[in-house]
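Coordinate inspection notes
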Amino acid sequence: MDPTTDALSLLLRALKEHPRGMSVSDLAAAVGINRNTVSRYLDVLLVSGQAEMETYGKAKVFYLSQRVPIAAMLNFSSDLVLVLDRDRRIVQANDAVCSFAGRERDAIIGNSIETSPLAAFDHPLIRSRITDALGAARSPRNSGSCGTTRNSSSGSSSSPHRLQ
């Protein structure tokens, strides 16, 4: 295993054993790693959403995150859930979609809906509803940050609208 992965696992285990949180010094002592190195690893855990930090005076207390990643949230639904970008490329698909299509997630994500294993859903009515939803996301009344997310890997936007 990678030393970085080992260190992150040690930190996560220590945080799990101390649900009320731990300081950088406490974590360094618990896992036997230099305090500065622990601090850098904690930054990684914070950015990835696996840990959270509270500041009490000068002390920073770290604890396991209680948040659920969006990909996991999608998988809670038994409905078929796809997230498309403005070019109708599939950005995210839940487990129900993968099961329905009989394909791995990697074989679905990145394809346009027209060329994906879900091409049967490329119906003119569905296409017009998607276009309408994307048009509503671009309108001036919806031009704020709510309702549209940025896909950093492709620079495109995706809009979480439910088709009815």
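No experiment lies behind these values; they were computed from the predicted model shown. (Residues numbered from 1 in each chain as written. Predicted model: local features only at pLDDT ≥ 70, side-chain atom pairs only at ≥ 80, totals over all residues. Heavy atoms only, no water.)

**Considerations on the overall build of the protein**
Operational definition: What counts as a helix is a DSSP run of H or I of at least four residues, what counts as a strand is a run of E of at least two, and both are numbered from the N terminus. The buried label applies to any residue whose accessible area, calculated with a 1.4 Å probe on protein chains only, is under 20% of its type's maximum; exposed applies above 50%, and partly exposed to all values in between. Note on definitions: a residue-residue contact is assigned when non-hydrogen atoms from the two residues lie within 4.5 Å. Note on areas: Shrake-Rupley, 1.4 Å probe, and residue coverage restricted to the protein chains presented here.
Tallying secondary structure elements over the protein gives 7 helices and 6 strands in all. The order of α-helices and β-strands along the protein, N terminus first, is α-α-α-β-β-α-β-β-α-α-α-β-β. Looking at the protein as a whole, 29% of its 164 residues are labelled buried. Considering only residue pairs separated by 6 or more positions, the protein has 35% of its internal contacts joining residues 24 or more positions apart. By element, 53% of the accessible surface of the protein is carried by carbon and sulfur atoms, the whole surface being about 10,800 Å².

**Examining a nonpolar patch on the surface**
Definition in use: Put simply, a patch holds well-exposed residues, over 30% relative accessible area, that have no salt bridge, with like charges counted together within 9 Å and Val, Leu, Ile, Met, Phe, Trp or Tyr side chains within 5 Å. Salt bridges are defined by distance alone: a side-chain nitrogen of Lys or Arg within 4 Å of a carboxyl oxygen of Asp or Glu.
A cluster of nonpolar side chains, contributed by Val 68, Ile 70, Met 73 and Phe 76, occupies part of the molecular surface with about 450 Å² of accessible area. The residue Ile 70 is located in helix H4 (residues 70-75) in this model.

**Looking at the environment of Val 97**
Tracing the backbone shows Val 97 in helix H5 (residues 95-101). Exposure remark for Val 97: the relative accessible area of 3% places this residue in the buried category. A C-alpha to C-alpha distance of 8.1 Å links Val 97 and Asp 79, two positions 18 residues apart in sequence. Setting aside anything within four residues of it in sequence, one finds Val 97 in contact with Leu 80, Val 81, Leu 82, Ile 108 and Leu 118.

**Some remarks on the pairing of strand S4 (residues 90-93)**
Where a strand is regular, its side chains alternate between the two sheet faces. The test is simple: Being paired, for any two strands, means DSSP has found at least two bridges between them.
Pairing of strand S3 (residues 82-84) with S4 involves 3 bridges; the strand directions are antiparallel. Across the sheet, Leu 82 pairs through a bridge with Ala 93, a residue of S4. Here S3 folds back onto S4, and the loop between the two strands holds 5 residues, one of which, Arg 88, carries a positive phi near 60 degrees.

**Topic: the confidence of the model for the protein**
Heads up, the rule is: The score called pLDDT rates the predictor's confidence residue by residue, from a low of 0 to a high of 100.
The predicted model of the protein has a mean per-residue pLDDT of 81, with 82% of residues at 70 or higher. For the protein, strand S5 (residues 149-151) is the element with the lowest average pLDDT, namely 39, and helix H2 (residues 24-31) is the one with the highest, namely 95. With pLDDT under 50 throughout, residues 141-159 is counted as low confidence; its partners more than four residues away or in other chains account for 31 contacts.

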